[in-house]
Amino acid sequence: MIDALPDKGVPGEQILAELHEMRGADLPTHGGRLFAYVYDPAVDGLDELARAAYAISAQVNGLDPTAFPSLLAMENALVGAAARLLGGDRDTVGSVTSGGTESLILAVKAARDAHPEIANPRLVVPSTAHAAFAKAAHYLRVALDVVPVTGLRADPPAMAAAISPDTVLVAASAPSYAHGVVDPIPQLAAIAAERGVRFHVDACFGGWVLPYLRRLGADLPAFDLSVPGVTSISVDLHKYAYAPKGVSVLLHRTEELRLPQYFAYAGWPGYTMINPVISSTRSGGPIAAAFATLRSIGDSGYQELAAQTRDAVRILADAVSATDGVRLYAPAETSVVCLASDGVDLFVLADELAARGWHTQPQMACADLPPTIHLTVTAAVRATAPGFAADLEAAAAAARERGPIELPPLPPLTPEMITPALIANLAEGLGLGGGDFSRMAAVNTLLNAAPPALREALLTGFLSLLQRPA
Ligand SMILES: Cc1ncc(COP(=O)(O)O)c(C=O)c1O
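Cut-offs applied
- Residues numbered from 1 in each chain as written.
- Predicted model: local features only at pLDDT ≥ 70, side-chain atom pairs only at ≥ 80, totals over all residues.
- Heavy atoms only, no water.
- Near = heavy atom within 4 Å.
- Polar contact = N/O pair within 3.5 Å; in protein donor to acceptor, adjacent residues only side chain to side chain.
- Areas by Shrake-Rupley, 256 points an atom, 1.4 Å probe, with all protein chains shown as cover.
- Helix = DSSP H or I, 4+ residues; strand = E, 2+ residues; numbered from the N terminus.
- Nonpolar A, V, L, I, M, F, W, Y, C, P; charged D, E, K, R; others polar.
- Core = buried A, V, L, I, M, F, W, Y, C linked by side-chain atoms within 4.5 Å.
- Buried < 20%, exposed > 50% of the residue type's maximum accessible area, 1.4 Å probe, protein only.
- Contact = heavy atoms within 4.5 Å.
- Axes fitted to C-alpha atoms, helices over the stretch in contact; angles between N-to-C directions.
- Left-handed = near helix turned anticlockwise from the far one by under 90°.
- Salt bridge = Lys/Arg side-chain N within 4 Å of Asp/Glu carboxyl O.
- Pairing = 2+ DSSP bridges.

Undergrad: Looking at this model, I keep getting lost on the site of the ligand. Mind explaining?
TA: Around the ligand lies a shell formed by Gly-99, Gly-100, Thr-101, Leu-104, His-130, Tyr-177, Asp-202, Cys-204, Phe-205, Asp-236, His-238 and Lys-239. Within the backbone of Gly-100, a nitrogen or oxygen atom sits 2.9 Å from an oxygen atom of the ligand. Thr-101 has a polar side-chain atom sitting 2.6 Å from an oxygen atom of the ligand. Relative to its unbound accessible surface of 390 Å², the ligand loses 83% to contact with the protein. Tallying contributions element by element places helix α4 (residues 100-113) first for the shell around the ligand, with 3 residues. For the shell around the ligand, the class distribution of residues is 4 nonpolar, 5 polar and 3 charged.

Below is the structure:
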């Protein structure tokens, strides 16, 4: 165990060695074999550049742009670049946030606060919308109307039917995270506009790759501010813009639409607080790193990276289609490959893939959707993708051999029954006590069988068990 506050300070070299050792336990962020959490363009020298840029601005505080104009200039440049890429015009404005969740929370806040006369504001989303909308609704006390999708895409008539006089925002995805498919944005935006309601496009995930895929000829619908009725759009630079973590952009069609996003408070004796985003003090590090990343890759570089991503997606999707026991679950039309079982136990398959060095993301059954395995594909995967088919074949054969997970009989559980002691026992029984998370099939099977509220309680308890002071 490492003491974060030793009696006497420790030499820098030793600390860096300790950090490198700790990082050794993590999944590989580079190398094109991790299909979630990280976005790797495999561009030589880019990490070093982003790190150097981060270091230059790490101590700069975004709290006051008059004190640190360098940060304001970089933010305006990032917003300008996003607006140009995403169909903005001279009226478009935006903010740099810390990530997709913050961008979505602020889109909902702006929509809610634009209508102080609505006592019980509501937000309409398709059932495939990212969980961050549920978080935004929860934090902001906005009611969430979740509309079932048709063929994994938002269903315009059903979305229209869900809009009420209390609806302050309608939102949809371009593309959805779970399946990587694009909602019918033009139809949805037209419906929202006709009802006089704001419409947000969540392009947090794919907003920096979709424009390039479309330029390369992909048959994808218009999804950005060029579409009439779209009032705001979010895009994460720490995803397909390949910037280090901590940067997203939220664009609004006009300044008037953005205004209720701001928080201002002068009723205390200190400085008047004017915050465009949730954080007040903000490091310039991530913003400078994103600025350096965009300038270094450039528009033509992103197009090349999108082509590599597209090619990698095709190779992986073909591998899935050719493998007995699995099938493509969603059209591989953007940067995601999503597969479902056609005979093998998916959770065992995920473990078998991990044992072969491919780290995928199992997704649990949800309403009438079966469990699936999600692969976020980035440009780095172009180099590794040709090796995937043989390993997928071998992993599927091994999964068939092992057979499905049989859980021992468990007492019927409800969320109210979950206590720290029960979680600790369960974790021990499932082999998670020692901190080895490489064989997760039993855990995933258990979670998959649990109704959503129980799944939430179990995982909340487990995270709380992990988060203990050392
Ligand atoms: C479509 C979409 N929206 C929002 C988010 C939330 O982004 P973040 O994890 O940066 O908060 C994600 C994250 O994967 C996403 O895929």
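Undergrad: Before we go on, may I ask you to explain the nonpolar core in this structure?
TA: In terms of nonpolar packing, the biggest core is built from 71 residues, with Phe-199 and Trp-208 touching the most fellow members. A per-element tally of this core places helix α10 (residues 285-322) first, with 9 residues. Ignoring sequence-local partners within four residues, the contact set of Trp-208 consists of Ala-81, Ala-82, Leu-85, Val-235, Leu-237, Tyr-240, Ala-241, Leu-294 and Tyr-302. Within the second largest apolar cluster, 41 residues are counted, among which are Val-377, Leu-392, Ile-418 and Leu-458.

Undergrad: Looking at this structure, how should I read the packing of helix α2 (residues 46-57) against α10?
TA: Relative to each other, α2 and α10 sit at 140°, their axes nearing to 7 Å. By crossing handedness, the relation of α2 to α10 is classed as right-handed. Between α2, through Leu-46, Leu-49, Ala-50, Ala-53, Tyr-54 and Ser-57, and α10, the contact on the second element is made entirely by Gly-285, Pro-286, Ala-288, Ala-289, Ala-292, Thr-293, Ser-296 and Ile-297. Of the residues contributing to the contact of α2 with α10, the split by class is 10 nonpolar, 4 polar and no charged.

Undergrad: I tried to follow the environment of Val-170 on my own but got confused; where do I start?
TA: By secondary structure assignment, the location of Val-170 is in strand β4 (residues 167-173). As for Val-170 and Ala-399, which are separated by 229 residues in sequence, their C-alpha atoms are 42 Å apart. For Val-170, the residues in contact, after removing those within four places along its chain, are Val-124, Met-159, Ile-163, Ala-192, Val-197, Arg-198, Phe-199 and His-200.

Undergrad: Would you take a moment to explain the pattern of salt bridges for this structure?
TA: Two side chains carrying opposite charge are able to pair once their charged atoms lie near each other. Counted under the stated rule, the structure contains 12 salt bridges. In this structure, Asp-113 engages Lys-109 in a salt bridge whose closest nitrogen and oxygen atoms are separated by 2.5 Å. Of this pair, Asp-113 and Lys-109 both sit in helix α4, 4 residues apart, which is roughly one turn of that helix. Ionic pairing is found between Arg-122 and Asp-145, a salt bridge with its closest N-O pair at 2.8 Å. Taken together, the residues Arg-122 in strand β2 (residues 122-126) and Asp-145 in strand β3 (residues 143-147) connect sequence positions 23 residues apart. Overall, the relative accessible area of 28% leaves Arg-122 in the partly exposed class. On the accessibility criterion, Asp-145 (16% relative accessible area) is buried. Here the salt bridges do not stand alone but share partners, grouping Lys-109, Arg-112 and Asp-113 into one network.

Undergrad: How should the pairing of strand β1 (residues 93-97) be read in this particular structure?
TA: Moving residue by residue along a regular strand, the side chains alternate between the two faces of the sheet. Most of β1 is tucked away: 5 of the 5 residues are buried. Here β1 shows no split at all, with Val-93, Ser-95 and Thr-97 on one side and Gly-94 and Val-96 on the other all buried. In this structure, β1 lies alongside strand β7 (residues 248-252), joined through 5 bridges in antiparallel fashion. Bridging from a neighbouring strand, Val-93 pairs with His-252 of β7.

Undergrad: Just checking my understanding: could you explain the sheet that holds β3 for this structure?
TA: Sheet strands pair via backbone hydrogen bonds, and the direction of the pair is either parallel or antiparallel. Read from one edge of the open sheet, 7 strands run β1-β7-β6-β5-β4-β2-β3, paired in mixed fashion. Two strands close off the open sheet at either side, each with one partner strand: β1 and β3. Pairwise comparison of adjacent strand axes, ignoring direction, gives a mean angle of 20° for this sheet. Relative to β4, β2 runs parallel, the two sharing 3 bridges. Bridge pairing links Val-124 to Val-170 in β4. Against the sheet, α4 touches β1, β2, β4, β5 (198-202), β6 (232-236) and β7, its axis set at about 25° to β7.

Undergrad: Can you help me understand the sheet that holds strand β13 (residues 372-376) in this one?
TA: Spatial ordering of the open sheet is given by β10-β11-β13-β12, a layout of 4 strands whose pairing is antiparallel. A strand with exactly one partner marks an edge of an open sheet, and here the two such strands are β10 (326-328) and β12 (361-363). When strand polarity is set aside, the average angle formed by the axes of neighbouring strands in this sheet is 30°. Where strand β11 (residues 336-341) lies against β13, 5 bridges are found, and the strand directions are antiparallel. Considered in β13, the bridge of Val-336 is made with Thr-376.

Undergrad: Sorry if this is basic, but what is going on with the environment of Asn-275 here?
TA: Mapped onto the fold, Asn-275 is located in strand β9 (residues 273-275). Non-local contacts of Asn-275, meaning those with residues more than four positions away in its chain, are made with Leu-63, Gln-261, Tyr-262, Phe-263 and Ser-280.

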